[in-house]
2 protein chains.
Amino acid sequence: MIAEIISIGNEILRGEITDTNASYLAAQLPLLGVELHWVTQVGDDQSRLVDAFRRAIGRSDLVLATGGLGPTVDDLTREALAETLGEELHSDPALEAGLRDLFAKWGRPMPSHNLKQAAVIPSAQPIPNHRGTAPGWWVEKGGKIAIVMPGPPGEMQTMWQEEIVPRLAKMQCGGVILCRTLKTFGVTEAAVDEMVAPVISRSAAEIGIYAKPDGIYLQVVAKGAGQSEAEEKIRETEASLREIIGEHIWGVDDDTLAGVIGKLLAERGKTLASMESYTGGALAASLSDAHESSRCYKGGFVVGSEAVGTVLDVPGGSEDLHGPSDGEMIAWAMARAARQRLVADIGVGVHGSQGDQSRGAVVFIAVTDGQRERSRQTTWPPLRRDTKHWVAVAAMFELRRLLLDVG
Amino acid sequence: MIAEIISIGNEILRGEITDTNASYLAAQLPLLGVELHWVTQVGDDQSRLVDAFRRAIGRSDLVLATGGLGPTVDDLTREALAETLGEELHSDPALEAGLRDLFAKWGRPMPSHNLKQAAVIPSAQPIPNHRGTAPGWWVEKGGKIAIVMPGPPGEMQTMWQEEIVPRLAKMQCGGVILCRTLKTFGVTEAAVDEMVAPVISRSAAEIGIYAKPDGIYLQVVAKGAGQSEAEEKIRETEASLREIIGEHIWGVDDDTLAGVIGKLLAERGKTLASMESYTGGALAASLSDAHESSRCYKGGFVVGSEAVGTVLDVPGGSEDLHGPSDGEMIAWAMARAARQRLVADIGVGVHGSQGDQSRGAVVFIAVTDGQRERSRQTTWPPLRRDTKHWVAVAAMFELRRLLLDVG
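Chemist: Could you clarify how one ought to interpret the overall build of chain A in this entry?
Modeler: Secondary structure summary: chain A contains 14 helices and 17 strands in total. The principal-axis extent of the C-alpha atoms belonging to chain A is close to 80 × 50 × 45 Å. By residue count, 54% of the 407 residues in chain A fall in the buried class. A separation of at least 24 residues holds for 68% of the contacts in chain A among residues at least 6 apart in sequence. When the accessible area of chain A is evaluated, it comes to approximately 17400 Å², of which 51% is carbon and sulfur surface. For chain A, the centre of its 40 positive side-chain charges and the centre of its 54 negative side-chain charges are spaced 2 Å apart.

Chemist: How do you make sense of the sheet that holds strand β10 (residues 206-212) of chain A when you look at a structure like this?
Modeler: Within a beta sheet, neighbouring strands are joined by backbone hydrogen bonds and run either parallel or antiparallel to one another. Residues and elements named next belong to chain A. Read across the open sheet, the four strands follow the order β10-β11-β9-β12; overall the sheet is antiparallel. The open sheet terminates on both sides in strands that have one partner only, identified here as β10 and β12 (249-252). Strand-to-strand twist across the sheet, computed as the mean angle between neighbouring axes with direction ignored, equals 25 degrees. Here three bridges tie strand β9 (residues 176-184) to β12, and the two strands are oriented antiparallel to one another. Considered in β12, the bridge of Leu182 is made with Val252. With respect to the sheet, helix α6 (residues 153-173) is in contact with β9 and β11 (215-224), its orientation differing from that of β9 by roughly 110 degrees. On the sheet, helix α7 (residues 189-202) packs against β9, β10 and β11 and is oriented at approximately 170 degrees with respect to β10.

Chemist: I'm lost on the packing of aromatic side chains in this one. Help?
Modeler: By convention here, two paired aromatic rings are described through the distance between centres and the angle between planes. Residues and elements named next belong to chain A. A complete count under the given rule lists seven aromatic pairs over all chains for this structure. Aromatic ring contacts, followed pair by pair, group Phe185, Trp390 and Phe397 into a single cluster. Its end group placed over the ring of Trp138, Arg167 keeps NZ or CZ at 3.9 Å from the ring centre.

Chemist: I'm lost on helix α14 (residues 387-404) of chain A in this one. Help?
Modeler: Three or four residues apart is the spacing at which side chains of an α-helix point the same way, because the helix has 3.6 residues per turn. Residues and elements named next belong to chain A. Look at α14: 26 Å from first C-alpha to last across 18 residues, which is about the 26 Å you get at 1.5 Å a residue. With 16 of 18 residues buried, α14 lies mostly within the body of the structure. Downstream of α14 by one or two residues, Asp405 has phi in the positive range, about 60 degrees.

Chemist: Is there a simple way to explain empty space enclosed by the protein in this structure?
Modeler: Rolled over the atoms, a probe with the dimensions of a water molecule shows which regions are left empty. Taken as a whole and judged by the stated rule, the model has three cavities of 30 Å³ or more. Put simply, the largest cavity is a space of about 80 Å³. Within the residue set of the lining of the largest cavity, elements represented by two or more residues are β2 (35-42) and α3 (46-59) of chain A together with α3 (46-59) of chain B. In this structure, the second largest cavity spans a volume of roughly 50 Å³. Lining the second largest cavity are Ile57, Leu85, Val139, Lys141, Lys144, Ile145 and Ala146 of chain A.

Chemist: How do you make sense of the confidence of the model for chain A when you look at a structure like this?
Modeler: Regions with low pLDDT carry predicted coordinates that are not meant to be interpreted in detail. All names here are of chain A. Mean pLDDT for chain A: 90, with 94% of residues reaching 70 or above. Segment residues 315-320: pLDDT under 50, and eight contacts once partners within four positions in sequence are set aside and those in other chains are kept. Our summary of model confidence lists the complex with pTM equal to 0.80 and ipTM equal to 0.78.

Chemist: Would you explain the side chain of Ser23 of chain B in this entry?
Modeler: Its location among the elements puts Ser23 of chain B in helix α2 (residues 20-28). The exposure class assigned to Ser23 of chain B is buried, which follows from its relative accessible area of 11%. A polar contact of 3.2 Å, which involves the side chain of Ser23 of chain B, links it to the backbone oxygen of Thr20 of chain B. Here Ser23 of chain B is in contact with Gly15, Ile17 and Thr18 of chain A, once residues within four sequence places are set aside.

Chemist: How should I be thinking about the interface of chain A and chain B in this particular structure?
Modeler: Accessible area lost upon the coming together of the parts serves often as the stated size of an interface. Listed as interface residues are 48 residues of chain A and, on the opposing side, 47 residues of chain B. Carbon and sulfur atoms make up 55% of the surface buried where chain A meets chain B, a total of about 3500 Å² over both sides. On inspection of chain A and its partner chain B, the count reaches four salt bridges. Residue Lys388 of chain B is joined to Asp289 of chain A by a salt bridge in which the shortest nitrogen-to-oxygen separation is 3.1 Å. Scanning the region where chain A abuts chain B turns up 16 residue pairs in polar contact (both at pLDDT 80 or more).

Chemist: Explain the sheet that holds strand β1 (residues 2-8) of chain B here, please?
Modeler: Spatially, β6(A)-β7(A)-β8(A)-β3(A)-β1(A)-β2(A)-β2(B)-β1(B)-β3(B)-β8(B)-β7(B)-β6(B) is the arrangement adopted by the 12 strands of the open sheet, whose pairing is mixed. Looking along the sheet, the strands with just one partner apiece sit at the ends: β6 (124-127) of chain A together with β6 (124-127) of chain B. For this sheet, the mean inter-axis angle between neighbouring strands, taken without regard to orientation, is 15 degrees. Here β1 of chain B pairs with strand β3 (residues 62-66) of chain B via five bridges, running parallel. Looking at the pairing, Ile6 of chain B lines up with Ala65 of chain B of β3 of chain B. Contacting β3 (62-66), β6, β7 (136-141) and β8 (144-149) of chain A, α6 of chain A runs over the sheet at an angle of about 165 degrees to β8 of chain A. Sheet strands in contact with helix α6 (residues 153-173) of chain B are β3, β6, β7 (136-141) and β8 (144-149) of chain B, and its direction is about 165 degrees off that of β8 of chain B.

Chemist: Looking at this structure, I do not really get the relation of the copies chain A and chain B. What am I missing?
Modeler: Superposition of the two copies of the chain requires a rotation about an axis together with a shift along that axis. Taken as rigid bodies, chain A and chain B are interconverted by a rotation of 180 degrees and an axial shift of 0.2 Å, the fit giving an RMSD of 0.2 Å. In the structure described here, the two chain copies are related by an operation that fits a two-fold rotation axis. A share of 96% of the interface residues of chain A reappears at the interface of chain B, consistent with the copies meeting face to face through the same patch.

Chemist: Hey, could you run me through the pairing of strand β2 (residues 35-42) of chain B in this one?
Modeler: Looking along a regular strand, one sees the side chains alternate between the two faces of the sheet. Counting buried residues along β2 of chain B, seven of its eight residues qualify, which places the element largely inside the surrounding structure. By the bridge criterion, five bridges tie β2 of chain A to β2 of chain B in an arrangement that is antiparallel. If you follow Val39 of chain A over to β2 of chain B, its bridge partner there is Gln41 of chain B. Pairing between β1 of chain B and β2 of chain B: seven bridges, direction parallel.

Chemist: Looking at this model, I keep getting lost on the pattern of salt bridges. Mind explaining?
Modeler: Side-chain pairing between opposite charges can occur once the charged atoms of the two side chains come close. Inspection of the entire model under this criterion finds 40 salt bridges over all chains. When the shortest N-O distance is used, the salt bridge between Arg372 of chain A and Asp369 of chain A registers 2.8 Å. Since its relative accessible area comes to 31%, Arg372 of chain A is described here as partly exposed. Connected via shared salt-bridge partners are Glu4 and Arg59 of chain A together with Asp51 and Arg55 of chain B.

Reading guide: rules and limits
Residues numbered from 1 in each chain as written. Chains lettered and ligands numbered in written order. Predicted model: local features only at pLDDT ≥ 70, side-chain atom pairs only at ≥ 80, totals over all residues. Heavy atoms only, no water. Helix = DSSP H or I, 4+ residues; strand = E, 2+ residues; numbered from the N terminus. Buried < 20%, exposed > 50% of the residue type's maximum accessible area, 1.4 Å probe, protein only. Contact = heavy atoms within 4.5 Å. Areas by Shrake-Rupley, 256 points an atom, 1.4 Å probe, with all protein chains shown as cover. Lys, Arg positive; Asp, Glu negative; His and termini not counted. Charge placed at Lys NZ, Arg CZ, Asp CG, Glu CD. Pairing = 2+ DSSP bridges. Axes fitted to C-alpha atoms, helices over the stretch in contact; angles between N-to-C directions. Phe/Tyr/Trp six-rings, centres within 6.5 Å; stacked < 30°, edge-to-face > 60°. Lys NZ or Arg CZ within 6 Å of the ring centre and 35° of its normal. Expected span 1.5 Å × (residues − 1). 1 Å grid on protein atoms, 1.4 Å probe; cavity = no way out; pocket = protein on both sides within 12 Å on 5 of 7 lines; lining within 4 Å. Points joined across faces, edges and corners; volume = space filled by probe spheres on them. pLDDT = per-residue confidence, 0-100. Polar contact = N/O pair within 3.5 Å; in protein donor to acceptor, adjacent residues only side chain to side chain. Buried area = accessible area lost by both parts, 1.4 Å probe. Salt bridge = Lys/Arg side-chain N within 4 Å of Asp/Glu carboxyl O. Least-squares fit on C-alpha atoms with pLDDT ≥ 70 in both.

Here you go:
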């Protein structure tokens, strides 16, 4: 099945927003065994929209359009698809009643122009929108499928996952398609590739490997005649992968590292404090951003490399401390100081030098719970723009290992 | 002039990267008086590329293509444009020599497949790439212009700004087009719109108003027969805007607020320290991220709301402090404590409650240099996802006001 995406909206063509709907859908389609050939971005202009729909329906089996379903006169996606297919728009009584109910629930009068969102054409089946007022359309005609979804990413993604994926999966394999993502850290993409090759060759599920900002992800996709068959395939494949690479897997699906740490802290009734130089607040920001960790995270100290001495009360400051072993000592002193000053159960310290163009950055990570202490020296290539982010991820991974008491 | 963008690469159609080149160029084109009608994303597939180029050249005056100029066999943009125009590729001796020089400078042998990047067609003029190995192409044929640029955003943007904008400006207005961005904070888009309306109506330059993550931007675009005429128009318009809204303007063009603060600190030989609860490290991360501010920023404390008492040594902790005036007192205590403990000239404190679904968040910002103290209470609508970011921006704006000693 060949697919095409049409992203609709003047704000895209003016460069005011970046079209993330297309990349979201593009990443989803391979899971359904659908091949994407084209993405077109077009403004809210009826003749250009009709042109785009006509071409897409001509050359692709599945057309996914997002945007232009709002209540204003500028929103022309329904009108354009109706013209493309030579059909007339009419108001759907059930959709109209649904819209009126929604506004009544909100305690607000429904503006008359919202009625536009109840319009359908004879070959369109409405798709419920659980997060907004604009229903989508599922249109089948002449052996082709055109699906129209709202533009706001939250509305689009919910409609896609809850309403569209199950239907497309049924069409594609006569059953269900399930996906599970295993998230790893501390191994390179090439190493993951080599380690899991034997599983890939014999697994009943498909396995993809992707480099992401918080490590390498393994994406497991399984098809089955029913839910249980697909679930069983996912379970088996996940078990095989965990046997090989389990120690590097820190989470699944929507997990974040900060969220995982927050959950582990909460389960153990422990609190956490941090002190960081190199990462300049990136670690604190990650830990306090996650809902799960913000309750157990008591806070942290962000210090410039030269101010470490002032904060730690090390006589003479950090200038007296040189070389790798000193860097490790400082990171430990930072972890202990964070823990003691904020009266937390666990402390984490991050200390390092910015490095320069020839040498990379050398960063020390230390974690302590008062009894056990772990530390790790990490080196990072020069001139990487996102090294702070990676070091913060590495520090959270060390914290997770301390909490799980793994080597 | 009607333009069309073609973004090329399998990694876009697999959803592995989001196409930010298209939105960058889309935002640039209005400055040149060029209207964008279409964006097409297509994979590295010769027949689909030819299809896309043929259609674009047929319906648009200016075609901007990015990507597919790498040295590997997958990269087919040159081949596809050659086929579209019915021309033959040949190696350009000057480009080939340039590539060999580049690799010699790097002290690395040139892989033979990099020779591909020296290929041109008769109607293409090479465009220098100051940041990579792949030259661009400027093609004029049959009254249409096709411009091909490399895919990596850094390379593309440099080539666009340095090589392509001046040429397109010359074509569009027979002269030069200049742009200046004035960045404001603390006023709404609607208020800016109303305030600057009189300037817009009589200015020799065009003025656009855009909401951005660090405030409202005013974009001034001026055309002139020569550089000096355009510069004069920009200067006049900027002066008129500054008369009206100058107190809210914190920077221009590529300035960041953290960078502006860093510069002000360095000029005055002052150092800075922070203590934040509500923003959870977002303020520290911003201040330490900017190259200019990282040297003068001694560090900061990130504390959970409940740990403020522990850190500040306020007997009984923050539970004893309630109500708005207490919130302001805490923010002040935080600013003073940050300044004293990190031995800095200036301290900034941020304290607030998360708020809930009905009430918004109330956040206090305090700054002190030991003599002068300023504070500000800010309220933020409930359920905004990026409130932490906005509060960090507001805190930096207060710091700037203290440093400039403005009311």
